[in-house]
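Chain by chain, the residues run as shown.
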Amino acid sequence: MPSFLRIWSWLAIASLAVPAIEARADTPAWDKTLERISPAVVTIEVDQARAFDTEWNQSSQATGFVVDAQRGLILTNRHVVTPGPVIATAVFLNREEVELRPVYRDPIHDFGIYRYDPASLQYIQPVALPLYPEGAKVGTEIRVVGNDAGEQLSILSGTLARLDRAAPDYGVGKYNDFNTFYVQAASGTSGGSSGSPVIDIRGRVVALNAGGSSGAASSFYLPLGRVQRALENVQAGLPVSRGTLQTVFSYKPYDELERLGLRPATQAAARKASPDLTGMLVVAEVQQGSPAEGLLQPGDILVRVNGRMVSTFEPLARVLDESVGESVDIAVERGGSVLNHRLAVQDLHSITPDAYLEFGDAVVHDLSYQMARHLNAPVSGVFVANPGYSLGAAGVPRAAVIETFDGRPMANLEDFEQAISGLAEGERAAIRYFTQEDPQGTETRLMRMDWRWFPARHCERDDETGYWLCRDLTPPAAQPPRIPASTTIAGTGDKRIDKVAASLVLVNFDMPFSVAGVTERNYHGTGVIADLDRGLVLVDRNTVPVAVGDVRITVAGSIEVPGRVT
């Protein structure tokens, strides 16, 4: 055997032998650990019933795991629980299925909690997996157990490499976590593994799988500090308070902080207080209309909160969550100067929508803090989660923010409900809105109210039952009869053209549903008046492809009248 082959074989054998040499006799084997914890891991089948906030209505699969077998609590990601209406089912290892009801989703961090009825399980008795936040350490060998790429149970191995990674960025207009560290390892998780437990060799959950990189094997896990607090509150039947300054912080190393003006004395105090840390928090974003606007600005170095040195996200979150509705003292350094501010702490849940309005197949709700960040706008206005039939026919896109409706300012969903409740069937109103493509500009469209094709109702989330409670909106009285109108058709000087032009009309046809294989919903074309007494207009099938829809006929480019397909 060539010498280089002998050397390679020895190295390979040696590398395989290392774990056996380092293993301790009192450490349980991975196979026994996985066998014990696997019954607690479930596949979650999710149907998002309505578009809501950053999420579109869709079906997907994910993972969760039991954290309280007695109460039937399952921990998973926020984007699996979703902020909007959801229908979810958990499939256990033995293929038993149970209905899930959402009981908590964090406004910012990527975790949420489902509940199931433990009595509905007959043939499997899962054991709750304990949360062990302090177990997340660099070098810890871990397993990610979950539904990876559609497989009911996959087990991926890895080693924790970083504990201070920035939260992953999923793109503009999508849900993004912030104001927290993430844990990183090379486990190569993919779709379906969201919400998987990241366990150590003793079966303790040290982190929550949340995302991954499509261009590398890196996976990103959410630390469990704030998760554990929320779970304890849910178990005790207490609300989970969440405070915010509407300010995004980022973690920067000391070398960069020095360039921002960090004073040597402050650095020395910070290093002494937290010798293991390599930096401090810096203001990255300040939301318009927030309590911190005009006081904090990007580049400010956070030094103290309520007189105590704060260098990372967890201590800051702890103070804010315990100070909702109160004020905190913030000390920052800006260009070498110390600035002290007293800032009001807002309730994060109050700027996270929990109700929506449905009309004409459209879904709208209050603008959320999540989307306001992308728009760099105050958390105010009505957000179009789904333009549906009514708003789609008017040309209002998804993710538009409605500022005024029929000339009235729209601060929240209540204003919008009052406005549309006064519109009769077919009545029009002007909508002024802005979009994430042009948040500084506005556009205006004319919307036509629909009470005929789709239900109109207000729905609000009830976390006690896990359901959304809806009440129907009452349409106003019918519009008075139309007053006959007249117009003059401009002549061209050619008698033949003038005679034909008087018989031509513009036909607009809007489909509320996709039927007969026709997917496009808005059409327009030219029609010819065939019978003036009976009001009959001939039109081609490209303009009116099916019988189901709303017809509007425009005469002489100035008078619009409703029509119907005969």
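Residues numbered from 1 in each chain as written. Predicted model: local features only at pLDDT ≥ 70, side-chain atom pairs only at ≥ 80, totals over all residues. Heavy atoms only, no water.

As a further point, take the overall build of the protein. Within the protein one finds eleven helices and 34 strands. If you line up the protein on its principal axes, its C-alpha atoms span 100 × 60 × 60 Å. Residues counted as buried form 47% of the 566 residues belonging to the protein. Counted over contacts in the protein with a minimum sequence separation of 6, partners at least 24 positions apart contribute 65%. (Helix = DSSP H or I, 4+ residues; strand = E, 2+ residues; numbered from the N terminus. Buried < 20%, exposed > 50% of the residue type's maximum accessible area, 1.4 Å probe, protein only. Contact = heavy atoms within 4.5 Å.)

It is worth spelling out the sheet that holds strand 8 (residues 154-166) at this point. Spatial ordering of the closed barrel is given by 7-8-9-12-11-10, a layout of six strands whose pairing is antiparallel. Averaged over all pairs of adjacent strands, the angle between strand axes in this sheet comes to 45°, irrespective of strand direction. Across the sheet, helix 2 (residues 30-37) touches strand 7 (141-146), strand 8 and strand 10 (197-199), and the angle it forms with strand 7 is around 35°. (Pairing = 2+ DSSP bridges. Axes fitted to C-alpha atoms, helices over the stretch in contact; angles between N-to-C directions.)

We now examine helix 7 (residues 313-321). Of the positions making up helix 7, those classed as buried are F313, L316, A317, L320 and D321. Taken around the axis of helix 7, the buried residues stretch over an arc of 125°, which confines them to a single face. (Arc of directions from axis to C-beta.)

For the rest of this paragraph, the subject is the side chain of T543. Along the polypeptide, T543 turns up in the loop between strand 32 (536-538) and strand 33 (550-555). Given a relative accessible area of 3%, T543 falls into the buried group. At 3.1 Å, the side chain of T543 forms a polar contact with the side chain of D540. The residues touching T543, leaving out its near neighbours within four places in the chain, are V507, F509, Y523, H524, G525 and T526. (Polar contact = N/O pair within 3.5 Å; in protein donor to acceptor, adjacent residues only side chain to side chain.)

To continue, consider a nonpolar patch on the surface. Taken together, the side chains of V500, L504, V528 and L538 make up a nonpolar region of the molecular surface, amounting to roughly 340 Å² of accessible area. Position of L538 among the secondary structure elements: in strand 32. Residue classification places L538 among the exposed positions, given a relative accessible area of 58%. (Patch = residues over 30% accessible without salt bridge, like charges linked within 9 Å, V, L, I, M, F, W, Y side chains within 5 Å. Areas by Shrake-Rupley, 256 points an atom, 1.4 Å probe, with all protein chains shown as cover. Salt bridge = Lys/Arg side-chain N within 4 Å of Asp/Glu carboxyl O.)

Attention now moves to the packing of helix 4 (residues 225-235) against helix 7. Helix 7 packs onto helix 4 with a crossing angle of 30° between their chain directions and a minimal axis gap of 10 Å. Relative to helix 7, the element helix 4 lies roughly parallel. Where helix 4 approaches helix 7, its residues G225, R226 and R229 are matched on the opposing element by E314, A317, R318 and D321. Its residues assigned to classes, the contact of helix 4 with helix 7 comprises one nonpolar, one polar and five charged. (Parallel < 35°, antiparallel > 145°, perpendicular 65-115°, else oblique. Nonpolar A, V, L, I, M, F, W, Y, C, P; charged D, E, K, R; others polar.)

Turning to its location among the elements, D200 is positioned in the loop between strand 10 and strand 11 (205-212). Those residues in contact with D200, other than ones at most four positions away along the chain, are W30, T33, Y132, T140, E141 and V206.

So, on to the pairing of strand 21 (residues 355-359). Counted residue by residue, strand 21 has five buried out of five residues, so it is predominantly covered. What you see with strand 21 is no split at all: A355, L357 and F359 on one side and Y356 and E358 on the other are buried throughout. Pairing analysis gives four bridges linking strand 21 to strand 28 (residues 457-462), with the strands arranged antiparallel. Each residue of the ladder has a partner; that of L357, found in strand 28, is H458. Note that strand 21 and strand 22 (residues 362-366) share three bridges and pair antiparallel.

What follows concerns the environment of A161. With respect to the element layout, A161 can be found in strand 8. Along the backbone, A161 and S218 are 57 residues apart, and their C-alpha atoms lie at a distance of 9.8 Å. Setting aside residues up to four positions removed in sequence, A161 forms contacts with V138, Q184 and A185.

Glancing now at the packing of aromatic side chains. Counted by the stated rule, this structure contains 13 aromatic pairs. Each ring, one from F52 and one from Y356, has its centre 6.4 Å from the other, and the planes form 80°; the classification is edge-to-face. Here Y356 lies in strand 21 and F52 lies in the loop between strand 1 (41-48) and strand 2 (59-68), a separation of 304 residues in the sequence. Each of the two residues, F52 as well as Y356, counts as buried. When the ring of F178 is compared with that of Y369, the centres are 5.7 Å apart and the planes differ by 90°; the resulting orientation is edge-to-face. In this pair, F178 sits in the loop between strand 8 and strand 9 (181-185) while Y369 sits in helix 8 (residues 369-375), placing the two residues 191 residues apart along the sequence. Residue classification places Y369 among the buried positions, given a relative accessible area of 2%. (Phe/Tyr/Trp six-rings, centres within 6.5 Å; stacked < 30°, edge-to-face > 60°.)

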